[in-house]
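Summary of structural features
For reference, the chains in residue letters:
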Amino acid sequence: MQPTNIADPAYFHKVVDCQWACPAHTPVPEYIRLIAQGRYGDAYMVNWVSNVFPGILGRTCDRPCEPACRRSRVEEGNAGAPPEPVAICRLKRVAADLKDDVRQRMPAPVPGNGRRIACVGGGPASLTVARDLAPLGYRVTVFEGEAKPGGFMRTQVPRFRLPEEVIDEECGYILDMGVEFVAGHRVESMKALMAQGYDAIFVGCGAPRGRDLELPGRSEAAAKVHIGIDWLASVSFGHVTEVGRRVIVLGGGNTAMDCCRSARRLGGTDVKVIVRSGFEEMKASPWEKEDAMHEGIPIINYHVPKAFLHEGGRLTGMSFDVVRAEYDAQGKRSLVPTGEPEVVFGCDEVLIAVGQENSFPWIERDSGIEFDRWGLPRLDPGTFQSSVANVLFGGDAALGPKNIITAVAHGHDAAVSIDLLLNGQDPRQRPGPIVNLMSQKMGIHEWSYDNATSLDARFKVPWAQAAKALASIRVEVELGFDVPTAFREAQRCLNCDVQTVFNQDTCIECDACVDICPMDCISFTADGDEPDLRTRLKAPALNLAQALYVSGELKTGRVMVKDEDVCLHCGLCAERCPTGAWDMQKFQFNTAMAGAARARGAAPRGREVPA
């Protein structure tokens, strides 16, 4: 193998599994260390730079970082249970809940640069664009159909998961930068908006239309059959305050989980979720399913809806076919009837949460913006530009329904594109990340970070008492970690951004690092092709998603090979090494924001940046 090029910013970035998995590349270990030090305001601001909404995401994020967490790969679960990742999302909430007043740390309004930007929709993607561009002097106007900003964070996430004051606070930080917010204004014509002379337009209006189910009885029972996202919005705004006693929720995503838990709080005593797929195949996050079942809501799988049943226009139930999953040689799934009799469940109301669609009736098809056969805009995947160069899309409006953190990532990328475009540069030439490696050595065997490996299992977030939580749609269920628990959970982080950096010139091949490594992830062996090397290490490196760190040829002709997959970043190799050939160096990776290319020159994404 060729020696590893650790100057490539992507190499160590991928080793920081949580940051690599986060769409906005939030520096997770950095803010967790700050929480452990009680520096909650600093931890909040580290989050805010990347993910914009720490308090909101600390309650609602889909947590792509947590399945990637190294902790799940290196510890043993308790009592036969699988090991669990660090509670990254809930620690983010700790930073938001316990921070001091950070308003003075936010960017203040600045003089305008003469450029005007329109953002359609007041959700996370548009607000991120505004957050990134307003401090550069752009005059950003956000058009929102509702009275307050937040988009689907406000209308579709129930208050028992996300209190309104958290949304108000974090959206307020952005509006206070001088962003103009036009409430209660739905843009009805793209051509009319283009005619107003904006230098760039960003479309972040979400995927506002829920899919319906056109089954027999749908029109007759229409009064008690609701589209899930519309029903959640009505609940949020107080238009719906009660529900029938027996409620069926159709769908297996997070919206379905919000619907069933909301129905439980509005008077539903017999609420059930019914899905076509198997339980494990449901799109809802595992913790969303757990929360629903914790509240006594059953999830019935492999039932395909057949008809809405009614008597005299009154909904009485639904019928279902029972199916099983079969897979062909290519692994493609088919749902096959089992031959069992159809199943009937009585109900008083049905909430349909089987997916969402984009809806752009306000964008004229002769505006120059091209759409594909699924009704999505044709976009440059790197810049988010449409076929009209100064009209960009992001969030659910760009690629269909995703989640808040993905919308934030789109907003960052679109803001970079707008800034480059309006300054005469090619948006496809993206600015590279800001990276750095810095030794953590403070003595012979001392580091500037706590490298002890905690043996604690993941701590549980306390909940409000069930009787209180289920009695009101606005009582927040999760209470968040207290200070002692937050500290102990933060100590579970393995500091994956503190890298083991090898200097082959000072290595004497004594194998002391091999002997002391608790995970057997360091080997000195003859070189070879990667598939061969992976099988000849002290512990075979079977996870192909993580790299091998390979040195150049050493004095004996061997090479040092380190499996990055299960390293604890404990520093024992560096402490044991008699020549200092190993060092623990903190890797800093920050994605470039709007303005970065003009500040230090544009460079292609993925270039090699000297560390």
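Right, let's walk through the structure included here.

What counts as what
- Residues numbered from 1 in each chain as written.
- Predicted model: local features only at pLDDT ≥ 70, side-chain atom pairs only at ≥ 80, totals over all residues.
- Heavy atoms only, no water.
- Helix = DSSP H or I, 4+ residues; strand = E, 2+ residues; numbered from the N terminus.
- Buried < 20%, exposed > 50% of the residue type's maximum accessible area, 1.4 Å probe, protein only.
- Polar contact = N/O pair within 3.5 Å; in protein donor to acceptor, adjacent residues only side chain to side chain.
- Contact = heavy atoms within 4.5 Å.
- Salt bridge = Lys/Arg side-chain N within 4 Å of Asp/Glu carboxyl O.
- Expected span 1.5 Å × (residues − 1).
- Pairing = 2+ DSSP bridges.
- Axes fitted to C-alpha atoms, helices over the stretch in contact; angles between N-to-C directions.
- Phe/Tyr/Trp six-rings, centres within 6.5 Å; stacked < 30°, edge-to-face > 60°.
- Lys NZ or Arg CZ within 6 Å of the ring centre and 35° of its normal.

For Val 52, which is not glycine, the phi dihedral falls at a positive 70 degrees. Here Val 52 shows up in the loop between helix 4 (40–51) and helix 5 (54–60). For Phe 384, which is not a glycine, the phi torsion comes out positive at approximately 70 degrees. Positionally, Phe 384 belongs in the loop between strand 15 (356–357) and strand 16 (391–393). The class for Phe 384 is buried, based on a relative accessible area of 6%.

What follows is about the side chain of Arg 93. Looking at the element boundaries, Arg 93 is found in helix 8 (residues 88–98). Among the polar contacts made by the side chain of Arg 93, one reaches the side chain of Glu 476 at a distance of 3.2 Å. In this structure, Arg 93 is in contact with Gly 58, Arg 59, Glu 476, Glu 478, Leu 479 and Gly 480, ignoring residues within four places of it in sequence.

Okay, the environment of Phe 279 next. For Phe 279, the position within the fold is in the loop between strand 8 (270–274) and helix 15 (286–294). Each residue touching Phe 279, except ones within four places of it in the same chain, is listed here: Lys 289, Met 293, Ile 299 and Asn 301.

Inspection of the entire model under this criterion finds 51 salt bridges. With a closest N to O distance of 3.0 Å, Glu 164 and Arg 154 form a salt bridge. Of this pair, Glu 164 sits in helix 11 (residues 164–175) while Arg 154 is found in helix 10 (residues 152–155), placing the two residues 10 residues apart along the sequence. Residue classification places Glu 164 among the partly exposed positions, given a relative accessible area of 27%.

Attention now goes to helix 14 (residues 254–265). The terminal C-alpha atoms of helix 14 lie 17 Å apart, and with 12 residues this matches the ideal 16 Å at 1.5 Å per residue to within 8%. Directly after helix 14, the chain includes Gly 267, whose backbone phi takes a positive value near 115 degrees.

Sheet strands pair via backbone hydrogen bonds, and the direction of the pair is either parallel or antiparallel. Pairing within the open sheet is antiparallel, and its 3 strands lie in the order 17-22-18. Every interior strand has two partners, whereas the edge strands, strand 17 (434–439) and strand 18 (498–502), have only one. Ignoring strand direction, the axes of neighbouring strands in this sheet form an average angle of 35 degrees. Here 6 bridges tie strand 17 to strand 22 (residues 582–590), and the two strands are oriented antiparallel to one another. Residue pairing in the sheet places Val 435 in a bridge with Phe 589 of strand 22.

All right, on to the packing of aromatic side chains then. For any pair of aromatic rings, geometry is given as the distance between the ring centres together with the angle between the planes. Summed over the entire model, instances satisfying the criterion amount to 11 aromatic pairs. Seen from their ring centres, Phe 143 and Tyr 198 are 6.4 Å apart, and the 90 degrees between their planes marks the pair as edge-to-face. Remark: Tyr 198 occurs in the loop between helix 12 (190–194) and strand 4 (200–203) and Phe 143 occurs in strand 2 (residues 139–143); sequence separation between them is 55 residues. Each member of the pair Phe 143 and Tyr 198 is classed as buried. Of the aromatic side chains, those joined through ring pairs into one cluster are Tyr 11, Phe 12, Tyr 549, Phe 587 and Phe 589. Sitting over the ring of Tyr 44, Lys 99 keeps its end group 4.8 Å from the ring centre.

A few words now on helix 4. Here helix 4 contains 12 residues, and its C-alpha end-to-end distance of 16 Å stays within 8% of the 16 Å for a straight helix at 1.5 Å per residue. Among the 12 residues that make up helix 4, 9 are buried, leaving the element largely enclosed by the rest of the structure. Residues of helix 4 that are buried include every one of Tyr 40, Gly 41, Ala 43, Tyr 44, Met 45, Asn 47, Trp 48, Ser 50 and Asn 51, and no others. Downstream of helix 4 by one or two residues, Val 52 has phi in the positive range, about 70 degrees.

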